[in-house]
Amino acid sequence: MGKKIYELPELEYGYKDLEPYISEEQLKIHHTIHHQGYVTGANALLEKFDKRDQNIEFDVKAVAKELSFHVGGFMLHKLFWENMGPASKCGGEPQGTLAKYIEKDFGSFERFKNEFTQAANSVEGSGWAALTLCRGTDRLFIMQIEKHNVNVIPNFRILMVLDVWEHAYYIDYKNVRPDFVDAFWKIVNWEEVNKRTETWLNSP
Ligand code: MN
């Protein structure tokens, strides 16, 4: 039986299609260099697991930490690409179930947008802002994920992420993260985020 490994997913749009909010050069480097880096890192760890010598002690602590970083990075980028799209079809405000849940848990879309923006702008160092659904309470929460793996809460399903590592925006926005965060709202694929919300609400 062959073992599966991680593979870089293809984008559902072209590298130019998020312009002018994310440039072709920025998106291409982010996808083919940075995201690929986590694929390579995760697969190198899988190889370590596969090749561990049965007679030699294995540094489980170090490997487990690295694994959460690389697999976290891999998964978050995959979600990130999918929750964006060309501005001609994206941006604006969500509809349907997600809109109702935002209203229920934040009071208004504006309030949600402000809180998410604040979360993204205030991540210390490298990390992510994430909209999540707690399956214990079916409430929406905004989370700040540090690096790719810190602050993640089990059973909080991730509905939307925004990468605020500097590698996500330095070509287009230099060090001005808030401008990148403002641009993100123009290219959010709400249909996809709404679909994720409904999928998790309807799953056991
Ligand atoms: Mn990234």
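Going by the structure above, here's the rest.
Note that the coordinates shown come from a computational prediction; the quantities given were computed from them, not determined experimentally. (Residues numbered from 1 in each chain as written. Predicted model: local features only at pLDDT ≥ 70, side-chain atom pairs only at ≥ 80, totals over all residues. Heavy atoms only, no water.)

Asker: What is the right way to look at the pairing of strand β3 (residues 156–163) in this model?
Answerer: Across a regular strand the side chains alternate sides, sitting on one face of the sheet and then on the other. With respect to burial, β3 is a largely interior element, seven of its eight residues being buried. Strand direction decides the pairing type here: strand β1 (residues 127–134) and β3, joined by seven bridges, are antiparallel. Each bridged residue has a counterpart across the sheet, and for Trp128 the counterpart in β3 is Asp163. (Buried < 20%, exposed > 50% of the residue type's maximum accessible area, 1.4 Å probe, protein only. Helix = DSSP H or I, 4+ residues; strand = E, 2+ residues; numbered from the N terminus. Pairing = 2+ DSSP bridges.)

Asker: Looking at this structure, I do not really get the sheet that holds β3. What am I missing?
Answerer: What holds strands together in a sheet is hydrogen bonding between their backbones, with the strands either parallel or antiparallel. Strand order in the open sheet made by the three strands is β2-β1-β3, with antiparallel pairing throughout. Looking at the sheet topology across the chains shown, the edges are occupied by β2 (139–146) and β3. Across the sheet, the mean angle from the axis of one strand to that of its neighbour is 25 degrees, orientation sign disregarded. (Axes fitted to C-alpha atoms, helices over the stretch in contact; angles between N-to-C directions.)

Asker: Sorry if this is basic, but what is going on with the coordination of the manganese ion here?
Answerer: In an ideal octahedron of six donors the angles at the metal are 90 or 180 degrees, and in an ideal tetrahedron of four donors they are 109.5 degrees. Those protein atoms acting as donors to the manganese ion are His30 (NE2), His77 (NE2), Asp163 (OD) and His167 (NE2), and they sit at 1.9 to 2.1 Å. On the primary sequence, the residues serving as donors to the manganese ion are separated as H-x46-H-x85-D-x3-H. A residue pair is termed long-range when its members are at least 10 positions apart, and His77 in helix α2 (residues 60–82) and Asp163 in strand β3 qualify at 86 residues. Each of the two residues, His77 as well as Asp163, counts as buried. (Donors = N, O, S within 2.8 Å, 3.2 Å for Na, K, Ca; no water.)

Asker: When you look at the environment of Glu115 in this model, what are you seeing that I'm missing?
Answerer: Relative to the helices and strands, Glu115 is located in helix α4 (residues 109–121). Considered as a pair, Glu115 and Gly85 are 30 residues apart in the sequence and their alpha carbons are 22 Å apart. Contact partners of Glu115, with chain neighbours within four places excluded, come to Phe106 and Ile142. A distance of 2.7 Å separates the side chain of Glu115 from the side chain of Arg111, its partner in a polar contact. (Contact = heavy atoms within 4.5 Å. Polar contact = N/O pair within 3.5 Å; in protein donor to acceptor, adjacent residues only side chain to side chain.)

Asker: When you look at the packing of aromatic side chains in this model, what are you seeing that I'm missing?
Answerer: Within a pair of aromatic rings, the relevant descriptors are the distance that separates the centres and the angle that separates the planes. Scanning the model with the defined rule gives 22 aromatic pairs in all. With 6.2 Å between their ring centres and 50 degrees between their planes, Phe69 and Trp165 make a pair best called tilted. With a gap of 96 residues between them, Phe69 in helix α2 and Trp165 in the loop between β3 and α5 (170–173) connect regions that are remote in the sequence. Taking the relative accessible area as the measure of exposure, Trp165 reaches 13% and is therefore buried. (Phe/Tyr/Trp six-rings, centres within 6.5 Å; stacked < 30°, edge-to-face > 60°.)

Asker: Looking at this structure, how should I read the environment of Lys147?
Answerer: Relative to the helices and strands, Lys147 is located in the loop between β2 and β3. Sequence separation between Lys147 and Ile5 is 142 residues, and the spatial gap between their C-alpha atoms is 22 Å. Among all residues touching Lys147, those that are not within four sequence positions of it are Phe69, Ser126, Gly127, Trp128 and Trp165.

Remember that the coordinates give geometry; whether it matters functionally is a separate question.
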